[in-house]
Amino acid sequence: MPSTSIAEELAKKQREIAVSEFFERNKHILGFDSLTKALITSVKEAVDNSLDVTEECGILPDIVVDVQRVDKDEFRVAVEDNGPGIVKKEVANIFARLLYGSRFASRRQARGQQGLGISGVILYGQITTGKPAIIKTRTAEMDVAYQIQLMIDTHKNKPNIIKDDFTPWDKPHGTRVEVFVKGRYIGGKQSIPEYLKSVAIVNPHARITYNPPEGGQVVFERVTEELPPKTVDVPPHPYGLELGTLLQMCKETKSYRFSSFLSEEFDRISDRVAKEICELAGVDPAMKPKAISLEQAKAVLEAVKKVRIMAPRTECLSPIGERLIKKGLKNVLGSLRPEFFTPPLTRNPSVYSGNPFQVEVGIAFGGDIPPDRPVEVLRYANRVPLLYQSGACAVTQAVAHVDWRRYGLEQRGGEGVPFGPAIVLVHVASSKIPYTSEAKEAVATIPELMEEMELALKECGRRLKTHLNKKARKVKAREKFDIVQKVLPQIAAKSAKIVKKPVPNLDATITKIMGVVWVEDRVTFEKGQHFVEIDIHNFTATGKKLNLHCLLPRNGTELTKSDPKPTEVREDGKVTWELKRIGSVEKATVRFELKGLDQGDLEEVDLYVSGIPPDLVIGAEPLPGDWELNYKEFETEEEEVPPAAEEAEEEVDYDEAEEVLEDE
Amino acid sequence: MSEPKGSEKAIAELYEIASQIYTALEKGQIPKMTLPLRTKANIKFDTRSAVWKYGKLTGARSAKKLKGALMLLRTMYVLDFIREMIDQTKSSTLREMYYISEGWDMGKFGSQDESNLLAEDLEIVTRCLREDFKLRPEESGASVMGNITFEEITRNGERRRINCADDVGDAGYTIPYNVESDKVKFVDHDAKFVLAIETGGMFDRLIENGFDDDADCILVHLKGQPSRSTRRLLKRLNEELKLPVATFTDGDPWSFRIHASVAYGAIKTAHISEFLATPTAEFVGITASDIENYELPTDKLTPRDIGALNAELSDPRFNDEFWKNEIELMLKTGKKAEQQALAKYGLDYVTDTYLPEKLAETSILH
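Chemist: Before we move on, could you go through the packing of helix α3 (residues 35-56) of chain A against helix α5 (residues 117-129) of chain A and cite the residues and values that matter?
Modeler: Residues and elements named next belong to chain A. Contact geometry of α3 with α5 gives a least axis separation of 8 Å together with a crossing angle of 140 degrees. On the basis of the axis angle, α3 is oblique to α5. Crossing of α3 over α5 shows left-handed handedness. Counted together, L35, A38, T41, S42, E45, A46 and N49 of α3 and G117, I118, V121 and Y124 of α5 form the full contact between these two elements. Residues of the contact of α3 with α5, tallied by class, amount to six nonpolar, four polar and one charged.

Chemist: Describe in detail helix α4 (residues 112-126) of chain B, supporting the description with residues and values.
Modeler: All names here are of chain B. Its 15 residues give α4 an end-to-end C-alpha distance of 21 Å, which sits within 8% of 21 Å, the value for a rise of 1.5 Å per residue. The buried count for α4 comes to 12 of 15 residues, which makes it a mostly enclosed element. Listing the buried residues of α4 in full gives Q112, S115, N116, L117, L118, A119, E120, D121, L122, E123, I124 and T126. Taken from the residues just after α4, R127 is the one with a positive phi, measuring 55 degrees.

Chemist: Got a sec to walk through the layout of surface pockets? Specific residues and values, please.
Modeler: Residue and element names in this part refer to chain A. In this structure, the largest pocket encloses a volume near 1900 Å³. If you go around the largest pocket, you meet 43 residues; those closest to its centre are K326, F340, P343, E604 and D606. Contributions of two or more residues to the lining of the largest pocket are made by α11 (322-333), β9 (340-341), α13 (447-499), β16 (517-526) and β23 (606-610). The greatest single-element share of the lining of the largest pocket, amounting to 10 residues, is contributed by α13. Tallied by class, residues from the lining of the largest pocket come to 14 nonpolar, six polar and 23 charged. Domain assignment of the residues forming the lining of the largest pocket places at least three in each of domain 3 (340-467) and domain 4 (509-627).

Chemist: Provide a residue-level description of the environment of A:A133, including the pertinent values.
Modeler: By secondary structure assignment, the location of A:A133 is in strand β3 (residues 133-138). Leave out the neighbours within four places in its chain, and A:A133 touches A:I122, A:I148, A:Q149, A:L150, A:E178 and A:V179.

Chemist: Just give me the short version of the interface of chain B and chain A, but keep the residues and values in it.
Modeler: Every contact between the two is made by 55 residues of chain B and, on the other side, 43 residues of chain A. For the pairing of chain B and chain A, the buried interface totals around 4300 Å² over both sides, and the portion due to carbon and sulfur atoms is 61%. Of all residues in chain B, B:Y22, B:L25 and B:K64 give up the largest surface area on contact with chain A, accounting jointly for 17% of the area buried on that side. Along the contact surface separating chain B from chain A lie two salt bridges. Across the chain B-chain A interface, the total number found is seven residue pairs in polar contact (both at pLDDT 80 or more). Take the side of chain B that touches chain A: its biggest share by element is 14 residues, from helix α2 (residues 66-87) of chain B. Split by residue class, the side of chain B that touches chain A holds 28 nonpolar, 10 polar and 17 charged.

Chemist: Explain the sheet that holds strand β24 (residues 617-618) of chain A to me, and be specific about the residues and the numbers.
Modeler: Residues and elements named next belong to chain A. If you walk across this open sheet you meet the five strands as β19-β22-β17-β16-β24, and the pairing is mixed. Each edge of the open sheet carries a strand with a single partner, namely β19 (558-563) and β24. As paired elements, β16 and strand β17 (residues 529-538) share 10 bridges and run antiparallel to each other. For V523, the partnering residue across the bridge sits in β17 and is V532. Together, β16, β17 and β24 form the strand contacts of α13, whose direction differs from that of β16 by roughly 105 degrees.

Chemist: Any chance you could break down helix α10 (residues 294-306) of chain A for me, citing the residues and the numbers?
Modeler: Residues spaced three or four apart along an α-helix face the same direction, because each turn holds 3.6 residues. Residues and elements named next belong to chain A. Compared with an ideal rise of 1.5 Å per residue, which puts 13 residues at 18 Å, α10 spans 19 Å between its outermost C-alpha atoms and is within 8% of the ideal. For α10, the set of buried residues is A297, V300, L301, A303 and V304. The arc that holds the buried residues of α10, viewed along the axis, is 160 degrees, so those residues lie on one side. Exposed and facing more than 90 degrees away from the buried side of α10 are E295, K305 and K306. As for α10, its buried residues are in contact with α7 (243-252), α8 (258-265) and α9 (271-281).

Chemist: Residues and numbers for the sheet that holds strand β20 (residues 568-569) of chain A, please.
Modeler: Residues and elements named next belong to chain A. Read from one edge to the other, the open sheet built from five strands follows the order β20-β21-β18-β23-β25, with strand pairing classed as mixed. Since the sheet does not close on itself, it has two edges, and those belong to β20 and β25 (621-622), each with one partner. Across five bridges, the pairing between strand β18 (residues 547-551) and strand β21 (residues 574-578) is antiparallel. Residue pairing in the sheet places C550 in a bridge with V575 of β21.

Chemist: Account for a negative patch on the surface, with residues named and values stated.
Modeler: All names here are of chain B. Taken together, D188, D190, D213, D214, D348 and D352 make up a surface patch of like negative charges. Tracing the sequence through the fold places D213 in helix α6 (residues 211-214). Overall, the relative accessible area of 59% leaves D213 in the exposed class.

Chemist: I'd like a rundown of the environment of A:T557, residues and numbers included.
Modeler: Mapped onto the elements of the fold, A:T557 is located in the loop between β18 and β19. For A:T557, the contacting residues outside a window of four places in its chain are A:L594, A:K595 and A:L597.

Chemist: Provide a residue-level description of the side chain of A:S42, including the pertinent values.
Modeler: Residues and elements named next belong to chain A. Tracing the backbone through its elements, the reader meets S42 in helix α3. Residue class for S42 comes out buried when judged on its relative accessible area of 1%. A distance of 2.7 Å separates a polar side-chain atom of S42 from the backbone oxygen of A38. Ignoring any residue separated from it by four or fewer positions in sequence, one finds S42 in contact with F32, V77, V121 and V181.

Chemist: Can you break down empty space enclosed by the protein residue by residue, with the values?
Modeler: All names here are of chain A. The tally for this structure, following the rule as stated, stands at seven cavities of 30 Å³ or more. Taken as a whole, the second largest cavity holds about 120 Å³ of empty space. If you trace the second largest cavity, you find 14 residues lining it, with T41, K44, Y388, A439 and E441 closest to the centre. Those elements giving two or more residues to the lining of the second largest cavity turn out to be α3 and β14 (384-386). It is α3 that contributes the most residues to the lining of the second largest cavity, five residues altogether. For the lining of the second largest cavity, a count of residues per class yields seven nonpolar, two polar and five charged. Inspection of the lining of the second largest cavity shows a minimum of three residues originating in each of domain 1 (4-220) and domain 3 (340-467).

The rules behind each value
- Residues numbered from 1 in each chain as written.
- Chains lettered and ligands numbered in written order.
- Predicted model: local features only at pLDDT ≥ 70, side-chain atom pairs only at ≥ 80, totals over all residues.
- Heavy atoms only, no water.
- Axes fitted to C-alpha atoms, helices over the stretch in contact; angles between N-to-C directions.
- Helix = DSSP H or I, 4+ residues; strand = E, 2+ residues; numbered from the N terminus.
- Parallel < 35°, antiparallel > 145°, perpendicular 65-115°, else oblique.
- Left-handed = near helix turned anticlockwise from the far one by under 90°.
- Contact = heavy atoms within 4.5 Å.
- Nonpolar A, V, L, I, M, F, W, Y, C, P; charged D, E, K, R; others polar.
- Expected span 1.5 Å × (residues − 1).
- Buried < 20%, exposed > 50% of the residue type's maximum accessible area, 1.4 Å probe, protein only.
- 1 Å grid on protein atoms, 1.4 Å probe; cavity = no way out; pocket = protein on both sides within 12 Å on 5 of 7 lines; lining within 4 Å.
- Points joined across faces, edges and corners; volume = space filled by probe spheres on them.
- Domains from an automatic or database assignment.
- Buried area = accessible area lost by both parts, 1.4 Å probe.
- Salt bridge = Lys/Arg side-chain N within 4 Å of Asp/Glu carboxyl O.
- Polar contact = N/O pair within 3.5 Å; in protein donor to acceptor, adjacent residues only side chain to side chain.
- Pairing = 2+ DSSP bridges.
- Arc of directions from axis to C-beta.
- Patch = residues over 30% accessible without salt bridge, like charges linked within 9 Å, V, L, I, M, F, W, Y side chains within 5 Å.
- Areas by Shrake-Rupley, 256 points an atom, 1.4 Å probe, with all protein chains shown as cover.
- Lys, Arg positive; Asp, Glu negative; His and termini not counted.
- Charge placed at Lys NZ, Arg CZ, Asp CG, Glu CD.

Spelled out as structure tokens, the structure:
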């Protein structure tokens, strides 16, 4: 639960920078350069704040966004959260002084970075409508809420309190910000509901309710109770340190010795490493940091490059995580019924200019996603959707750099945003996102960042391609399956009727057409349990003995029942069945039940086979080398005749050769 | 082509197909049928009959692939259906068979084209005609106008004499689907040649202008790509009455193909070209040169038109000096014209100037 101490602690860190006047003349860099954008920015800044503060205090966010039309182009934007609330004496400063915030100098991942956001909105509202902002807030310790009407004194960058008061509020704690702004309300891609949808995808732990001006209510439900891991402040990492910054830090430090300055003010510099740097740079470790010369500072920077320093700590990062990306995408894009979500990918953290960052990618494919349009790229920086400046953004450029043709999407010349039924999500998490401008609309094309994004996109692309290949193989095999299961018996019955003879046995013909072992799984969900049924059809000419392996989804899965009994069940979810011999044109079935998963967590099972030549099997992959079987090798069956021994001579397919007939 | 064979022969041939499929299954093989490929790469000029027939290339319809398996299944259903019709002395139209296939489970036809193609496949394999299978086409609605008298046996067995100028309305005599001599006999005529016309608009123009009277000719409306019975009738008029035939079409790649199917034989029915094609037919339709010489109003070739023209350049039937030049010229100018574009010079221009000039270039008007 939030306490006064948290609110107090936040208050201690406040700094101020008097720039109100400057920003009044430069409202475009705050994201207010058009009426439609101004309205979205107003919502966005308030929502960002709410998400940040609830996360910091370990509260599952419940956010209500209310946009009402007051006049032709005037709107009232109200955003209410269930955050910790703000202590009375800080309210005015937090909301009505630009660049006043607790996060300005911190090095952890957060949505807001400079404290420009919400006061910028209030300022914009004041300039365009002349009306004050109304803030209502209550901490858990307060009996009633504190409500204040605020304006900003742009000359002094000081709050101008119009009126304040205490008022009852049924919320135990939280904050409500209400501003009047000039704006234009539109639908489509860059609209408030689309923005909130994008927010909901990467914040599956939040419930977001939206009351649009036209009435009706949209609710993005919470799909997980799991909060993003708490992030901590981490000192800067020496890699990428710039000369000016180093000199500035030397001036401001409280350390007396240069070596302790290095080990105390930087991440990953131990006393030993500090000494090493000093030695290499020819700087006395006992020197006072303030005494550093320009030459010495340059030498230190050179030395840093030569010394081995561990990669920055990443506790300051809060990736969404592979599982939650999938959940979020599924939750919000569910109505498009995508046929496939690539297993999302969270890359290991990396560093640019001493700032740790991490890239995550997820792809939704197929279903009702339009197949003939450019792929939709959902760009996120620290869980904040980026809506504008797509072309200038590193994310879009990374997507355009990847040759998607090899991963099954259309792309002219192997460059540019590809076409196809896909939605690509890219999330960049960093203690300092390198934006192209103060408006935070696009990420700058930093080489390290580009490389990480391209690697992540390619890996997800490969996963997509694997799925598409599997699907294509299945379609082809499914066709043959239909032939032998449905068409052939009818041909046999009909021809037998005409020639007035008994219906012939089809087994030999079936094995000639199929020539494979066909594995097919069905997953159903009922009463909190998954029921899995796996059919193994032996469509080869001889009996087959094989082992079936299944990789159950990790953690919390319980195999409650299985027929036949598995030969081995391992801690990490690896299950093996040693199957009895399956005769030619016979079928074996494995049934089992799983407990402990949500319905959406399991749609198909990962199946592997061993003890049989893998190209004889469709519907299951060969057992990967790293499965680490620790019991006796399965003895392989008798040598197999090559599977495709259907008919040696390649005849022209009559039904594929009728091209000209259409024209006449 | 030999005369149509009787039902017994047809049944025996159909039984043979089913028997082959059954035997393959009994022996544990993959059932298949081997058929001559019906592509332009597999039509060869037959010097004896002067028409284009299928060559030696064959393709397999095998149960290995879903499409092939479904066609084999349909074949079995069609065989059974034909046998039943022959037993019950009934017949059906191709369209009726398409609808009947609704009850054939997986053997149901995807489109009527599929069922028509299968009927032709059976003709090729059995060397029977689809009429022997009790399958008949819809009447195509093509018609005849001119001073010729047919004796047609009507459905109730009556003989009726019809003069195609006096006894018919403005639309002319409708060509029935069966134009064999047991159905349609030629009684009398005073024509010097037959003019086969692609479009209804031009057919009407020539009738209104009295061209059949003035030029002593029989006008046949092809109605686009002519049906088998229309082509068969042209062939009989040419062979039995020794009347020269000329085709008068639009000037575009599709019209060239209309002439090809009348004169050289259609790719789709090359197994019965001898029976349907009139090798001496002359082309008096609009050519690319005519477009230039007569300065006709034109339309631009569409991408599909261009594709069709290019395909014709590799079609053996068009492999002669005349067609090569005309096709290449059309590709070069990028223009096509309708036969009615001649109206630019007045309604009588086609009958007073164009046709006499074009016919004079041929051996017909001498």
